[in-house]
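Inside the fold
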Amino acid sequence: MDQLKSQAKPFEISKWEVKEAWEEVRANKGAPGVDGQSIADFEKDLKNNLYKVWNRMSSGSYFPPPVRAVAIPKPHGGGERILGIPAVADRVAQTVVARHLVRRVDPIFHPDSFGYRPGRSALDAVEKCRERSWKRDWVVEFDISQFFDSVSWDLLVKAVEAHTDAVWVKLYVRRWLAAPLKMPDGTLLERECGTPQGAPVSPVLANLFLHYACTSRSSGIVPA
């Protein structure tokens, strides 16, 4: 009995969930992270690599490596934005958490919300705008400057806590938020806010934060 207890994992994470997360990462393709490992390289020893992700996540010992930062020119000469590229194994781990959160939070989002949501596209948003234009002769447009770079960690975690009691989800969200960026010159940039644009878990975190930011009076989670 003592031996069985010693082998038990503190967090119940399905191996099947890790495999499905891998299938999603592979379908999305993407470049290598800081370790230089490509999706093809990861797949060469797929069974062992997926086991390592599952074993570390379920034991609480998973710590993400730094995120590779890539400078992407903005359209129309608007400078650059930093895209964060996690390692392939880290993308698998993030996708496990992202899928967990999406199942719980996507149903509460506004029906007219289209960004980064499963089964919704930019064309769907255009169609909704076209429909609105038949009823209104005005439009309000605004942009949140550097949202992914500046969103509050504390408020993000509060939003996550409101929708899951899975300790491992909250644990790993905090670790991913605090993971440093490895800049193109090789230096590590420590961060105090934001979530890397390009990381699999960032879109659902961003949508969850914006959901509460737009409904803060009734949510109990008040933006700073």
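The present account deals with the structure reproduced in this document. Since we're looking at a predicted model, the values are computed, not measured. (Residues numbered from 1 in each chain as written. Predicted model: local features only at pLDDT ≥ 70, side-chain atom pairs only at ≥ 80, totals over all residues. Heavy atoms only, no water.)

What follows concerns the packing of helix α2 (residues 15-28) against helix α4 (residues 46-59). For the pair α2 and α4, the least separation of the axes is 10 Å and the interaxial angle reads 120°. For the element pair α2 / α4, the angle class is oblique. Note that α2 runs across α4; the crossing there is right-handed. Judged by residue contacts, K15, V18, K19 and W22 of α2 engage L46, L50, Y51, V53 and W54 from α4. Of the residues belonging to the contact of α2 with α4, the class tally is seven nonpolar, no polar and two charged. (Axes fitted to C-alpha atoms, helices over the stretch in contact; angles between N-to-C directions. Helix = DSSP H or I, 4+ residues; strand = E, 2+ residues; numbered from the N terminus. Parallel < 35°, antiparallel > 145°, perpendicular 65-115°, else oblique. Left-handed = near helix turned anticlockwise from the far one by under 90°. Contact = heavy atoms within 4.5 Å. Nonpolar A, V, L, I, M, F, W, Y, C, P; charged D, E, K, R; others polar.)

Glancing now at a nonpolar patch on the surface. There is a patch of nonpolar side chains on the surface, built from W138, V140, F142 and I144 and spanning about 510 Å² of accessible area. Here W138 lies in the loop between α6 (122-133) and α7 (147-150). When its relative accessible area of 57% is taken as the criterion, W138 is described as exposed. (Patch = residues over 30% accessible without salt bridge, like charges linked within 9 Å, V, L, I, M, F, W, Y side chains within 5 Å. Areas by Shrake-Rupley, 256 points an atom, 1.4 Å probe, with all protein chains shown as cover. Salt bridge = Lys/Arg side-chain N within 4 Å of Asp/Glu carboxyl O. Buried < 20%, exposed > 50% of the residue type's maximum accessible area, 1.4 Å probe, protein only.)

This paragraph deals with helix α5 (residues 88-105). Residues that lie three or four places apart on an α-helix share one face, since the helix turns once every 3.6 residues. If you check α5, its first and last C-alpha atoms are 25 Å apart, about what 18 residues at 1.5 Å a residue would give, namely 26 Å. The buried fraction of α5 amounts to 13 of the 18 residues, a majority that puts the element mostly inside the structure. (Expected span 1.5 Å × (residues − 1).)

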